[in-house]
Amino acid sequence: MALAACCLSAAAACTPDFQSASQVTDLRVLAIRQEAIDPDQGFADTFADLDTHTVQKVQVTALIVDPHASGPLVAHGRVCSPTDTGRCDGLPPFEPDQPFPSPDSPMVQQPVYTLQVPEDTIAQALQSDDLKGFGGIRVQFSLQVDDGDPHDPVMASKILLYTKVPDSMRNHNPELVSLRITLDGADYPPVGPGGTFSVTPGVEYGLRPVLGTGGAGIEEYDTVDLSGNTIHLREEPRYSFFATTGVDLDRDGADEPLPGQPEPVNGLARFTASAGCGSIWVVVRDGRGGIGWIGARCTAP
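This write-up is about the structure you can find in this document. Starting afresh in each chain, residues are numbered from 1 along the sequence in its written order. Only residues with pLDDT of at least 70 are given local features in this predicted model, and only at 80 or more are side-chain atom pairs given and counted; all residues enter the totals for whole chains, interfaces and linings. Excluded from the side-chain calculations are hydrogens and water; all other atoms, namely the structure's heavy atoms, are used.

So, the packing of aromatic side chains
For step 1, the next point in the chain: Here a pair means two rings of Phe, Tyr or Trp (six-membered ring of Trp) with centres within 6.5 Å. Their orientation is stacked below 30 degrees between planes, edge-to-face above 60, and tilted elsewhere. On inspection of all chains with the given rule, the structure shows 6 aromatic pairs.
For step 2, the next point in the chain: Their ring planes at 20° and their centres at 5.7 Å tell us that Tyr205 and Phe271 sit as a pair that is stacked. Taken together, the residues span a long stretch of sequence, with Tyr205 in strand 14 (residues 204-211) and Phe271 in strand 20 (residues 269-273) at a distance of 66 residues.
For step 3, the next point in the chain: Think of it as a cone above the ring: NZ of Lys or CZ of Arg counts as a charge over the ring if it is within 6 Å of the ring centre and within 35 degrees of the ring normal. Looking at Arg170, its charged tip hangs above the ring of Phe43, at a distance of 3.9 Å from the centre.
For step 4, the next point in the chain: It is Arg288 that lies over the ring of Tyr221; its NZ or CZ is 3.6 Å from the centre. In DSSP terms, a helix is any run of H or I states spanning at least four residues, a strand is any run of E spanning at least two, and both are numbered starting from the N terminus.

Now the structure itself:
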């Protein structure tokens, strides 16, 4: 028993201190967003009708963060039927619409891919789908990103949704228009995308993402359940929080409060900054495949 206790003690002592999912210390793909190419609608799904051979083009944007970029970024995309691994192995890759810029600080990159997914790829995805297209046809976008460091490339994937439902039943991508920073419940001026704000080191602040309105916010929508009944639902957005070293977040994610719930006094997440501070990103997912994000930088004299 003494030996067992000793072994247990040794095991506990050797348990690694796992890094929080919100802490960005190396090359990461934080999100991938789909948008039908229609500048007036902002749909988060793409129209496809195989009966009429009509397939809309799709734009895919990735949010890639590399706090310690060691070389030019290379990001190859592929499309295929959904796989268990999230990879589309054995298929030819395609490149972003534009070469990656080479700014003085290449920490954040947002490559854009404009895709005309072949009709036969969509038909193959439909054929391999156990649900046979219920709720839309699912096509996988697979991304491999390499920054030239000795570690393996980073992999990420996104399910692209193709649908032929009426526009009134289609989804829009949510938009994060600002971040509310609070101290003991008191608001700082809102911080817009790419904005900068100042905080005091060692003090805990609240962080509250702010959604847009209409289609850019929380949507109510009609859909059809497995019994064929039309039901009316409301989106329940969920937020994921990310930050570089210098910003300590108290959680990795949080849900948007439900209607009628009291608003948290000090944000949906809390953070404490070290001297110098760093960068913060918030990614929102609406539960129907729609994605949006916002990034800002804090300074702490």
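Quick notes on the state of the cysteines
For step 1, the next point in the chain: When two cysteine sulfur atoms are found within 2.5 Å, that pair is recorded as a disulfide. Tallying each qualifying case throughout the model produces 2 disulfides.
For step 2, the next point in the chain: Sulfur-sulfur distance for the disulfide between Cys80 and Cys88 comes to 2.0 Å. As the torsion about the S-S bond is roughly -70°, the Cys80-Cys88 disulfide counts as left-handed. Just as Cys80 is buried, Cys88 falls in that class too.
For step 3, the next point in the chain: Between the sulfur of Cys277 and that of Cys298 lies a disulfide, 1.6 Å long from S to S. Torsion about the S-S bond of the Cys277 and Cys298 cystine: about -75°, corresponding to left-handed handedness. Separated by 21 residues along the polypeptide, Cys277 in the loop between strand 20 and strand 21 (279-285) and Cys298 in strand 22 (residues 291-299) bring together distant segments of the chain. Pair check on accessibility: Cys277 and Cys298 agree, each one buried. To sort residues, take the accessible area from a 1.4 Å probe on protein chains only and compare it with the maximum for the residue type: under 20% means buried, over 50% means exposed, and anything in between is partly exposed.

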